[in-house]
Amino acid sequence: MATFCHRICHRWSLSRITGLVLISNYKSQVTVPVSAATCRLLSWSGARVTSLAHQSLCGLKNQRSCSSGADPAPQKGGLGVRETSLLLNANCGREKAVASSPAKETFFTDLDVIPLPSPFEEILDEEAVQIEGREVLPPASFTLRDYVDQSDTLSKLVLLGVDLSKLEQRPNVANMLLRLDFDKNVKECLLFLKDLGVEEHQFGAFLTKNPFILTESLGNLQKRVSYLQSKKFNKEAIARMVSKAPYLLNFSVERLDNRLDFYHKELGLNVQKTRELVTRLPSLLTGSLEPVRENLKVYRIEFGFQENELQHMVMKVPKMLVASKKKVTVVFDYLHNIMGIPHLLVTKFPQVFNAKLLRIKERHLFLEHLGRAQYDPVQPNYISLDKLVATPDEVFCVEIAKATLPDFEAFQKTL
């Protein structure tokens, strides 16, 4: 293969050199400069170059004779090796070409004497400005950042505050965003959310959590809003629920109805309290129901709370339903079995399930160290669970423990 390519290149070089010889010999009026490298190549080629030149020259003379109307005269002889060498040496020494007529210039152009422009040739700044280039999207990338400058949708989402670095880590989201048209898909959805009461400064966080709402049709979104309105949710409640639970409108009407029915029956709440519960914590409608079922079993069976006590706690602290099972278990065990807090007080102050066990333990031990650990409401110096866990350290030390903050900090180091 290499030998074949070498032969083709060699033959092309010889043909081009023959053209130079013909041009030089044409009426001896036009001289084309030949480089030293070409001269060396011709000298090396020898008789083969002479033969090619002779054949081409004969054809050229015949062509001229035919065009002038005269009969072509037979050629008795051609250029010899010595004449060709002299001609080439004369061409190598000359550097100026004689001006030719337009007809001859056309002839030279037809012979492809003018070289093609090189891709490495330098161009002027004026020419470079006139070159138009079109930016092409990368065929593949690991980040959406490479597409922001070329994608109108992505650039506008960034301006809205959408965190593309989080979205690109989720499967299929990046490809989905690149296929969206901002005016057809994104703009109409944002206007719909704004009409519901979602603030504009919330759009970025909203779409970062739930970009799939951009693929939902406006008809389906309106059906789900109409369902919530039929369940007596007012406009403020719907706006709060959609803002706090971005996936709410991705749920079908049937699924939303099943979730509301679950809390209505499982907790024994009436319609109004069920509506109030999910309005305060709308993630109850979008999250998994398994943690809720597990926590209800723990409160009823392991902790021993009655149905009315459980209803009271859930309505005051809805997060109890989705809290960590391990956390609520260790908190209740310490309150009930170590501190001696009865169910009635825990029911009255269910906020203790939101507190950290370490905070409860440090403060109880400090009060016990001072002899002020009194949690019975009928006894003097009573300390409520609310004040025990919710007050800042400065207030706790001065108003409840009747001590100083340095004393409390020194005691913490002994634990």
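Everything that follows concerns the structure shown earlier in this document.
Okay, so let's go over this structure.

The rules behind these values
- Residues numbered from 1 in each chain as written.
- Predicted model: local features only at pLDDT ≥ 70, side-chain atom pairs only at ≥ 80, totals over all residues.
- Heavy atoms only, no water.
- Helix = DSSP H or I, 4+ residues; strand = E, 2+ residues; numbered from the N terminus.
- Buried < 20%, exposed > 50% of the residue type's maximum accessible area, 1.4 Å probe, protein only.
- Contact = heavy atoms within 4.5 Å.
- Areas by Shrake-Rupley, 256 points an atom, 1.4 Å probe, with all protein chains shown as cover.
- Polar contact = N/O pair within 3.5 Å; in protein donor to acceptor, adjacent residues only side chain to side chain.
- Patch = residues over 30% accessible without salt bridge, like charges linked within 9 Å, V, L, I, M, F, W, Y side chains within 5 Å.
- Salt bridge = Lys/Arg side-chain N within 4 Å of Asp/Glu carboxyl O.
- Lys, Arg positive; Asp, Glu negative; His and termini not counted.
- Charge placed at Lys NZ, Arg CZ, Asp CG, Glu CD.
- Core = buried A, V, L, I, M, F, W, Y, C linked by side-chain atoms within 4.5 Å.
- Domains from an automatic or database assignment.
- Phe/Tyr/Trp six-rings, centres within 6.5 Å; stacked < 30°, edge-to-face > 60°.
- 1 Å grid on protein atoms, 1.4 Å probe; cavity = no way out; pocket = protein on both sides within 12 Å on 5 of 7 lines; lining within 4 Å.
- Points joined across faces, edges and corners; volume = space filled by probe spheres on them.
- Arc of directions from axis to C-beta.
- Axes fitted to C-alpha atoms, helices over the stretch in contact; angles between N-to-C directions.
- Parallel < 35°, antiparallel > 145°, perpendicular 65-115°, else oblique.
- Left-handed = near helix turned anticlockwise from the far one by under 90°.
- Nonpolar A, V, L, I, M, F, W, Y, C, P; charged D, E, K, R; others polar.

### Describing the overall build of the protein chain
A count of helices and strands for the protein chain gives 24 helices and zero strands. Classification of the 415 residues of the protein chain by burial places 35% in the buried group. Looking at the protein chain alone, contacts between residues at least 24 apart form 71% of all its contacts between residues at least 6 apart. If you sum the accessible surface of the protein chain, you get close to 25700 Å²; carbon and sulfur atoms cover 54% of it.

### Observations regarding unusual backbone geometry
In this structure, Lys 232 is a non-glycine residue whose phi angle is positive, near 70°. Mapped onto the elements of the fold, Lys 232 is located in the loop between helix H12 (218-230) and helix H13 (235-244). The exposed category is assigned to Lys 232, whose relative accessible area is 64%. Here the phi dihedral of Asn 381 falls at roughly 60°; this positive angle occurs in a residue that is not glycine. Its location among the elements puts Asn 381 in the loop between helix H21 (357-370) and helix H22 (385-390). Judged by relative accessible area, which is 53%, Asn 381 ranks as exposed.

### Some words on the side chain of Asn 295
Secondary-structure assignment places Asn 295 in helix H17 (residues 290-302). On the basis of relative accessibility, which here comes to 2%, the residue Asn 295 falls in the buried class. In terms of polar contacts, Asn 295 uses its side chain to reach the backbone carbonyl oxygen of Met 320, at 3.5 Å. Every residue in contact with Asn 295, bar those within four places of it in the chain, is listed here: Met 320, Leu 321, Val 322, Ala 323 and Lys 325.

### Topic: a positive patch on the surface
On the surface, Lys 166, Lys 209, Arg 240, Lys 244 and Arg 280 cluster together into a positively charged patch. Position of Lys 244 relative to the elements: it lies in helix H13. Of the residues examined, Lys 244 reaches a relative accessible area of 56% and is grouped as exposed.

### What to know about the nonpolar core
Ranked by size, the top nonpolar core spans 88 residues in total, and within it Leu 177, Leu 193, Tyr 263 and Phe 353 carry the most contacts. Of the residues forming this core, the biggest block, seven residues, is contributed by helix H10 (residues 182-196). Counting only domains with at least three residues in this core, you end up with domain 1 (141-215) and domain 2 (231-287).

### Remarks on the pattern of salt bridges
The final tally for this structure, using the stated rule, is nine salt bridges. Between Arg 224 and Glu 216 there is a salt bridge; the shortest N-O distance is 3.3 Å. Via salt bridges that share partners, Glu 266, Arg 300 and Glu 307 belong to a single interconnected network.

### Describing the packing of aromatic side chains
All told, the structure shown has eleven aromatic pairs when counted by the stated rule. With 4.2 Å between their ring centres and 20° between their planes, Phe 303 and Phe 332 make a pair best called stacked. Note that Phe 303 is positioned in the loop between H17 and helix H18 (307-316) and Phe 332 in helix H19 (residues 325-338), a separation of 29 residues in sequence. Residue Phe 303 is classed as buried on the basis of its relative accessible area, which comes to 6%. An aromatic cluster of at least three residues, connected via ring pairs, comprises Tyr 299, Phe 303, Phe 305, Phe 332 and Phe 353.

### Here we look at the layout of surface pockets
Of the volumes computed, that of the largest pocket is approximately 190 Å³. The set of elements that each furnish at least two residues to the lining of the largest pocket consists of helix H14 (253-266) and helix H15 (271-280). The greatest single-element share of the lining of the largest pocket, amounting to four residues, is contributed by H14.

### A word on the environment of Ile 360
Structurally, the position occupied by Ile 360 is in helix H21. In the structure, Ile 360 is positioned 26 residues away from Tyr 334 in sequence and 8.7 Å away in space, judged by C-alpha atoms.

### Some thoughts on helix H7 (residues 152-160)
Thr 153, Leu 154 and Leu 157 are the residues of H7 that are buried. Each buried residue of H7 lies within a common arc of 95° when the element is viewed along its axis, so the set occupies one face. Buried residues along H7 sit against helix H8 (164-167), helix H9 (173-179), H10 and helix H11 (203-209). Gly 161, located one to two residues past H7, shows a positive phi value of around 100°.

### Considering the packing of H14 against H15
Across the interface, H14 lies against H15 with an axial gap of 10 Å and an inter-helix angle of 120°. In terms of their interaxial angle, H14 and H15 are classed as oblique. Crossing hand, H14 versus H15: right-handed. Counted together, Leu 260, Tyr 263 and His 264 of H14 and Val 271, Thr 274, Leu 277 and Val 278 of H15 form the full contact between these two elements. When its residues are assigned to classes, the contact of H14 with H15 shows five nonpolar, two polar and no charged.

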